[in-house]
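Next come the chains, spelled out residue by residue.
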Amino acid sequence: MTDPSQAENAAGPLAPGFRAAGVTAGLKASGTPDVAVVINDGPSSAAAGVFTGNRVRAAPVRWCQDLVGSPQGGELAAVVLNSGGANACTGPDGFADTVSTAEHLAAELGVDADRIAVCSTGLIGERLPMDLLLPGVTAAVAAASADGGADAATAIMTTDSVRKTTVVSAGGVTVAGMAKGAGMLAPGLATMLVVLTTDAQAGGADLAAALRVATRVSFDRLDSDGAMSTNDTVLVLASGASGVRPEPAQLQALITRACTDLAAQLLADAEGATKEIAVEVVHASSEDAAVAVGRAIARNNLVKTAFFGQDPNWGRILAAVGTVPESVAPFDADLLDVAINGVWICRAGAAGEDRSLVDLSGRAVRVTVDLHAGTETATVSTNDLSHAYVHENSAYST
């Protein structure tokens, strides 16, 4: 999944200029860590964020969007994150809890509350136990260190089976990241929280532009289960500690590498998954058309269950392609080709090579759909639909 240049270093998933911690505050019945902080020690504090496309948005999302959600970005001194409760659909009181959390960390650090981002994840519709959360924030600040990133990444996990981190470096600049997410992974970001840190010297607008490009080709192409979260948040904070101001293209490339790696880790840990499926659409009239076709396949439950059963059912794939309106993705149905793991089992909208030649025994699957309608290409990542996914999500709140 990651090459040696992306391996987590001894300091954990933090760029120079940052401290972090993860502690147990008692928000989770399991007694596992559930509160994290990521603190920017500067010398600069530029930041940017992208958020869920869901119209039902959690209180922390609404707070953070106001701070760093614009194309100009903003400034953040720190991020506080909790698992064990989403603080979504909790009304005005829930928003007041988010503000109180920001104010509490701000007081601990001696900064203004509007320089504190707040992220939450967990069950929707329940208030957070502030009598546990706020002391947890205090404890996390006391424990924060330059090598505390791994603990922070652990504290934001919910149904995740492993923590997800990355570190990439080039040209004297480092971008590090941590993520959580294993379900509700769909465009509009994927239930996921991501905090990226960099020691680059960069302004808020540069960070915002780079982050938007990076998420468009990484998290926004991850469509595990078609379920869009209320809490999706991706933040990037720059400390400027390297003293290096990279060219915008270099900064964008580094942030994209980090996001792509984390998105792959999210897919690998998708709830109940036995297959990781890359749906590549080629020769489309536009990139948007390719994405729309890829997403239609990735979200189709009949396709997903077929892969769980190791059935190379190309008819289900063609049927999914045909649900995309012509105005979105023009193509001639009689020209469609489909390959699974390199075997072209559908040619010109009809049977091609013998489907028994397709080997689906491994975890990795690649579907290629040739629309013969243009020159553009896009890949959407998904997974199969298994018994384990249904079981886990049927019992999630209990």
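All of the points below concern the structure found in this document. (Residues numbered from 1 in each chain as written. Predicted model: local features only at pLDDT ≥ 70, side-chain atom pairs only at ≥ 80, totals over all residues. Heavy atoms only, no water.)

Attention now moves to the sheet that holds strand β7 (residues 164-170). Read across the open sheet, the six strands follow the order β4-β3-β10-β9-β8-β7; overall the sheet is mixed. The open sheet has two edge strands, β4 (74-75) and β7, and neither has a second partner. Bridge count for β7 against strand β8 (residues 173-180) is seven bridges, and the pairing is antiparallel. Each residue of the ladder has a partner; that of V168, found in β8, is V175. Most of the contacts of helix α1 (residues 59-68) go to strand β3 (residues 46-51), to which it runs at about 135°, and overall it touches β3, β4 and β10 (233-238). Against the sheet, helix α6 (residues 248-268) touches β7, β8, β9 (193-198) and β10, its axis set at about 155° to β7. (Pairing = 2+ DSSP bridges. Helix = DSSP H or I, 4+ residues; strand = E, 2+ residues; numbered from the N terminus. Contact = heavy atoms within 4.5 Å. Axes fitted to C-alpha atoms, helices over the stretch in contact; angles between N-to-C directions.)

A separate point is the environment of V68. Here V68 shows up in helix α1. In this structure V68 touches A47, A48, G49, F51, G73, G74, E75, L76 and L235, once residues within four positions along its chain are discounted.

A few words now on the pattern of salt bridges. Taken as a whole and assessed by the stated rule, the structure comprises 12 salt bridges. The partner of R127 in a salt bridge is D93, and the shortest N-O contact between them spans 3.6 Å. Of the two residues, R127 sits in the loop between β6 (116-120) and α3 (130-143) while D93 sits in helix α2 (residues 91-109), which places them 34 residues apart along the sequence. For R127, a relative accessible area of 45% corresponds to the partly exposed category. Given a relative accessible area of 46%, D93 falls into the partly exposed group. With its nearest N and O atoms 3.6 Å apart, the salt bridge here joins R366 to E280. Remark: E280 occurs in strand β11 (residues 276-284) and R366 occurs in strand β15 (residues 364-370); sequence separation between them is 86 residues. Here R366 falls in the partly exposed class, since its relative accessible area comes to 36%. Taken together, the shared-partner salt bridges in this structure form one network comprising D93, D97 and R127. (Salt bridge = Lys/Arg side-chain N within 4 Å of Asp/Glu carboxyl O. Buried < 20%, exposed > 50% of the residue type's maximum accessible area, 1.4 Å probe, protein only.)

Right, let's talk about the sheet that holds β11 for a bit. Judged by pairing direction, the sheet is mixed, and its six strands sit side by side in the order β14-β13-β12-β15-β11-β16 without closing on themselves. Two strands in the sheet have a free side with no partner beyond their single neighbour: β14 (350-351) and β16 (376-383). As defined by bridge partners, strand β12 (residues 337-340) adjoins β15 across four bridges and the pair is classed as antiparallel. Residue pairing for β15: I340 is matched across the bridge by V367.

Turning to the side chain of N82, a few remarks are in order. Looking at the element boundaries, N82 is found in strand β5 (residues 78-82). A polar side-chain atom of N82 sits 2.6 Å from a polar atom in the side chain of S120. Not counting chain neighbours up to four residues away, the residues in contact with N82 comprise L27, D34, V35, C119, S120, T121, L128 and L133. (Polar contact = N/O pair within 3.5 Å; in protein donor to acceptor, adjacent residues only side chain to side chain.)

Consecutive residues of a regular strand have side chains that alternate between opposite faces of the sheet. Within strand β2 (residues 35-40), six of the six residues are buried, leaving the element largely enclosed by the surrounding structure. Of the two faces of β2, the one lined by V35, V37 and I39 and the one lined by A36, V38 and N40 are each fully buried. Relative to β2, strand β1 (residues 18-23) runs antiparallel, the two sharing six bridges. Bridge pairing links A20 to V38 in β2. As paired elements, β2 and β5 share five bridges and run antiparallel to each other. Across the sheet, V37 pairs through a bridge with V80, a residue of β5.

That's the geometry; what it means functionally is another story.
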